[in-house]
Each structure stands twice: as structure tokens, then as C-alpha cells.
Amino acid sequence: MLDIALVSLIQDMSEKAGVEGTIQYWIRVGENLAKRMGKEAYMGWPSFNVALREGRTAFSIEGNVAALTDLAITDVDGDVVGYIYALEKCVFEPTILRVRYSVGQLPRADKQIADEYNITYRNIAVCNFCIIHVKFREEVAKNITIAGQPLEALHLANRGFTGDTKIDEENLNKIGINKEYVRSLLRNYACVFALVMKGARLKGEVSEE
Amino acid sequence: MIQRKIERKEDLLDNPMVDIATYLFLEDIADKQGAAGMNNYLMSLAYSLARSMPEEEYTDWDSFVEAIVKGESILSAFEKVNAVSKYCMVTVESPFLRGWKEYTKRIGEFPKIHKDVAEYYNSRTTPTAIETGDIIIQTYRKAAAEKITVEGKKVNVAHIATVSPDGSKKIAPEEWLPILLEKANITRTQMNMILRNNAGVWIVYPTQ
């Protein structure tokens, strides 16, 4: 019931604190959630990817995350500095279905909040919950080190419940992945993101310079 | 109908991230507005949830109780309910159990505010809440009951006792209990027997 209560709360919140106020609350929740989950350290990418597959990392709270190890991200020297990951099922999807079956329809605040976020922050949200999700991943990545290096999360693409998609082309360019390829990943996954070593000299960033 | 229920069971298990985010969202509100502010938000969201539910009408009490037990009434939309007498309902498992378990597993112990806000609610509304979730579900049940008509009469909900996932209990005050138990048509011993392996006891009854 907690998730249904949450949906009710966001409608209530956006009426009381405004849509922008709700976005601020969501961003803080994403930060707090990551902070409360603590730090993690791994010897290398293989051990991190195994931990992810076995559901032992903070990212596992989202559900089944697939490490697309055929999609290694390399830096300007050709060293592997990250991978692409994909979440199989949107964390908000069960809630959307439960609201559909128990209440009837999602409150209009869901779309209003996502739209406002897309205009004022980053054009990546397909529902209001993407806001916490994006922030959560960014903060969790900072708390995880691989071979002593902290990570950075780059959001690449999201697919909404009704099939609408959002793709962050700026981040795609940084890691040099084709937009159409990421779009094809969205057929099987709800959202796609990259984890890279923080400070890595990515090909896309260097060519921009 | 049976087929859809099977699909729902597979698809509708809430995600732990959403549940934990909700608790953190509420804690954030409490940090800024204290127990009183959090209580207002909890009650307000329960009212708004009940408001968004469809109205119900039943031609007789038995079909109303049957709808509750089958999970077809708005009173049992979020919880599995059994009827132990004409008016006495038993919630088998807290609708917040999954969220509670995920929070304690992934985050740790719940902050004291979740109990403080329940005490605030108990001192001002109905004294049967143990933690945050109880405020939501108890307020929701009362507000949802107002949307139900049985044999042309409105129905009311009153709470007898609540059991937290950690086993702690909150029973209605001594001065109210005999009246509530009489309405429920159960004895104090029977109530204690029910509380051993259920999450709550409450009554739903027609208005006079």
C-alpha cells in the first residue's frame, strides 16, 4: 500500500508545495537513499559486475540490472573505464499497475512533475519517479569505488509505461554510443545507463575539447 | 476475473525502491515540519486516496462482508481481510510489511520519528496506531467507509487493536474496549488469540 500512498502524496504535495517543491523533495530523497545505503569497494569491474548480477550492490534495490559487458566503454588510451547497464523493469511500473487496478488512474501530478523536471533540470524523465531514480544512481555511483576509483553514472535512456522514450544524446556522445543502438536496447529494458570511472578521459569529451 | 488475478499477482509486487523512497520522503517532511506536520501529511494523503476511490453500494450486509473478504471492496483494496463475526474484521498482514522489511534490510532501523508521529496521532485522533503506516491505513479505512452504503445506510469503521511487524501491540483504551468488543461480538481472550498471528482487528458497522 505504501507505493499507492506515495502516489496520493505526490498529488497532495504538488497541490500544497507546488510542482517545483515536490521535485526538490524527490531530489533530496534520492540523495538520502543513496547516503543511507553506505559505501562499497570492489577490486575491479569483474567483481563489481558479479556483485551486481547477484544483487549485492546498492543498485540492486532497483530490481534486475543487466551488465551489458559486450558494451565496454574505453577511454582515449583504449582502457576499459566503464560499462553500460540496463534495468529490466521500471521500478515504478508495479505501482502504476496497482494504482490502475485499485484507484483507477494516476494523478495528473505524475506527468506535471516529470514535465517540469524535463524543462528545468534535464530532459530525461518519463514519470515523476525518474527524478529520484536519476539522483539516486548519481549519488550511489559516487559511493562505489572500483580499484580505488569512484564511479560516475551517466543516464542514457528511459522508456515510460506508455512507450514514450527519453534519450540523453549529450551523454551518448560522451561515451560514443549510437542513439539508435540505445533505442534498440529500450525494446528489452526500461532504462539504460552507463557507469564509468570518475575523471576518465572519455573519447567524446576529449574530441569536444 | 480469476485470470486477471493471476496476472496481477505476478506483475504487481511493489518495488523496494519505491517503498523505501516513500519512507524517506516522509522522514524528510518530518525533518522540516516535525511530528505534527508529518501527521497532517499522512492523514491528508489517506483522505485524498479515499477520495479517489469509487463509491460502493450493497443491498445487504452479507454481500458487503463477502466483497471485503474477496478483496473487491475499497475497504480491502490494499490488505487481505478476514471476517470473524458480522462486524469484526481482521487484517491478516500489514499492508506495509513489505516496505517495513525492505527498509530494515537495506537501510537499517527505523528512526524514532515513525513512532513519535503515531503517538501524536494517538493523542489527537484514534489511539491505536504504532507507526507511520497505521496512521495511513486507519485514516484511509475511516474515510473509505464514508463512500460505502449498505442497505441504504452509511457505514463506520472503528479500530480495536494493531500489531506492528516487530510484534508490538496497541490496543484501544480500557474505557473504549468493552464497547468495541461488544460490537465486534468477540471476547477479550478471542481478541488476544487473533492478535497472535494477525496485524489488526477493527469493526465496520452500519450507522444508526
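Provided above is the structure to which this section pertains.
Note that the structure is a prediction, hence the values are computed from the model and not measured. (Residues numbered from 1 in each chain as written. Chains lettered and ligands numbered in written order. Predicted model: local features only at pLDDT ≥ 70, side-chain atom pairs only at ≥ 80, totals over all residues. Heavy atoms only, no water.)

(A) Focus on the overall build of chain B. Scanning chain B from terminus to terminus reveals 8 helices and 7 strands. At 17 Å, chain B has a C-alpha radius of gyration in line with the 17 Å of a compact globule built from 208 residues. Principal-axis analysis of the C-alpha atoms gives chain B an extent of 45 × 45 × 30 Å. Looking at chain B as a whole, 57% of its 208 residues qualify as buried. Considering only residue pairs separated by 6 or more positions, chain B has 64% of its internal contacts joining residues 24 or more positions apart. On chain B, roughly 9600 Å² of surface is accessible, and the fraction owed to carbon and sulfur atoms is 50%. Here chain B contributes 26 positively and 29 negatively charged side chains, and the mean placements of these two sets differ by 2 Å. (Helix = DSSP H or I, 4+ residues; strand = E, 2+ residues; numbered from the N terminus. Rg over C-alpha atoms; globule rule 2.2 N^0.38 Å. Buried < 20%, exposed > 50% of the residue type's maximum accessible area, 1.4 Å probe, protein only. Contact = heavy atoms within 4.5 Å. Areas by Shrake-Rupley, 256 points an atom, 1.4 Å probe, with all protein chains shown as cover. Lys, Arg positive; Asp, Glu negative; His and termini not counted. Charge placed at Lys NZ, Arg CZ, Asp CG, Glu CD.)

(B) How the structure looks around the overall build of chain A. For chain A, the helix and strand inventory stands at 9 helices and 7 strands. The globule rule puts the C-alpha radius of gyration for 209 residues at 17 Å, and the 17 Å found for chain A is close to it. Seen through its principal axes, chain A has C-alpha atoms that stretch 55 × 30 × 30 Å. Looking at chain A as a whole, 58% of its 209 residues qualify as buried. For chain A, the accessible surface area stands at approximately 8900 Å², while carbon and sulfur atoms represent 46% of it. The averaged location of the 28 negative side-chain charges in chain A is 4 Å from the averaged location of its 25 positive side-chain charges.

(C) Expanded view of the nonpolar core. W26(A), F129(A) and Y140(B) are the most contacted members of the largest nonpolar core, which totals 157 residues. When residues of this core are assigned to their parent elements, the largest contribution, 19 residues, is made by helix α2 (residues 16-51) of chain B. (Core = buried A, V, L, I, M, F, W, Y, C linked by side-chain atoms within 4.5 Å.)

(D) Focus on helix α3 (residues 45-53) of chain A. All names here are of chain A. Where α3 is concerned, the buried positions are W45, F48, N49, A51 and L52. Burial along α3 is one-sided: seen end-on, the buried residues are contained in an arc of 160°. Relative to its buried face, α3 has exposed residues pointing more than 90 degrees away, namely P46 and R53. The inward-facing, buried residues of α3 contact β1 (40-42), β2 (65-74), β3 (80-87), β4 (144-146), β5 (149-159) and β7 (191-197). (Arc of directions from axis to C-beta.)

(E) Fine view of empty space enclosed by the protein. This structure, assessed with the given rule, holds 2 cavities of 30 Å³ or more. Here the largest cavity defines a volume of roughly 220 Å³. With 6 residues, the single largest contributor to the lining of the largest cavity is helix α6 (residues 132-145) of chain B. Considered class by class, the residues forming the lining of the largest cavity number 12 nonpolar, 10 polar and 4 charged. A volume near 110 Å³ is recorded for the second largest cavity. Lining the second largest cavity are 16 residues; nearest its centre among them are C90(A), C130(A), H133(A), N158(A) and C191(A). At 5 residues, the largest contribution of residues to the lining of the second largest cavity is made by helix α6 (residues 129-142) of chain A. Within the lining of the second largest cavity, the residues separate by chemical class into 11 nonpolar, 3 polar and 2 charged. (1 Å grid on protein atoms, 1.4 Å probe; cavity = no way out; pocket = protein on both sides within 12 Å on 5 of 7 lines; lining within 4 Å. Points joined across faces, edges and corners; volume = space filled by probe spheres on them. Nonpolar A, V, L, I, M, F, W, Y, C, P; charged D, E, K, R; others polar.)

(F) Fine view of the environment of S73(B). Residues and elements named next belong to chain B. Summarising the element assignment, S73 is placed in the loop between α3 (61-70) and β2 (81-83). Note on S73: relative accessible area 2%, which makes it buried. Each C-alpha atom, one on S73 and one on A145, is 9.9 Å from the other, the two residues being 72 residues apart in sequence. In this view, S73 contacts E56, Y58, F64, A67, I68 and I148; residues no more than four positions away in its chain are not counted. A polar side-chain atom of S73 sits 3.0 Å from a polar atom in the side chain of E56. (Polar contact = N/O pair within 3.5 Å; in protein donor to acceptor, adjacent residues only side chain to side chain.)

(G) Region of interest: the pairing of strand β5 (residues 153-163) of chain B. Residues and elements named next belong to chain B. The buried fraction of β5 is high, at 8 of 11 residues. Pairing analysis gives 2 bridges linking strand β4 (residues 148-150) to β5, with the strands arranged antiparallel. If you follow T149 over to β5, its bridge partner there is K154. From the end of β4 to the start of β5, which pair antiparallel, there are 2 residues, and E151 there has a positive phi angle of about 50°. (Pairing = 2+ DSSP bridges.)

(H) Local environment of the layout of surface pockets. All names here are of chain A. Of the pockets and cavities examined, the second largest pocket occupies roughly 390 Å³. Of all the secondary-structure elements, those providing two or more residues to the lining of the second largest pocket are α4 (93-102) and α5 (109-120). The residue makeup of the lining of the second largest pocket, split by class, is 10 nonpolar, 5 polar and 8 charged.

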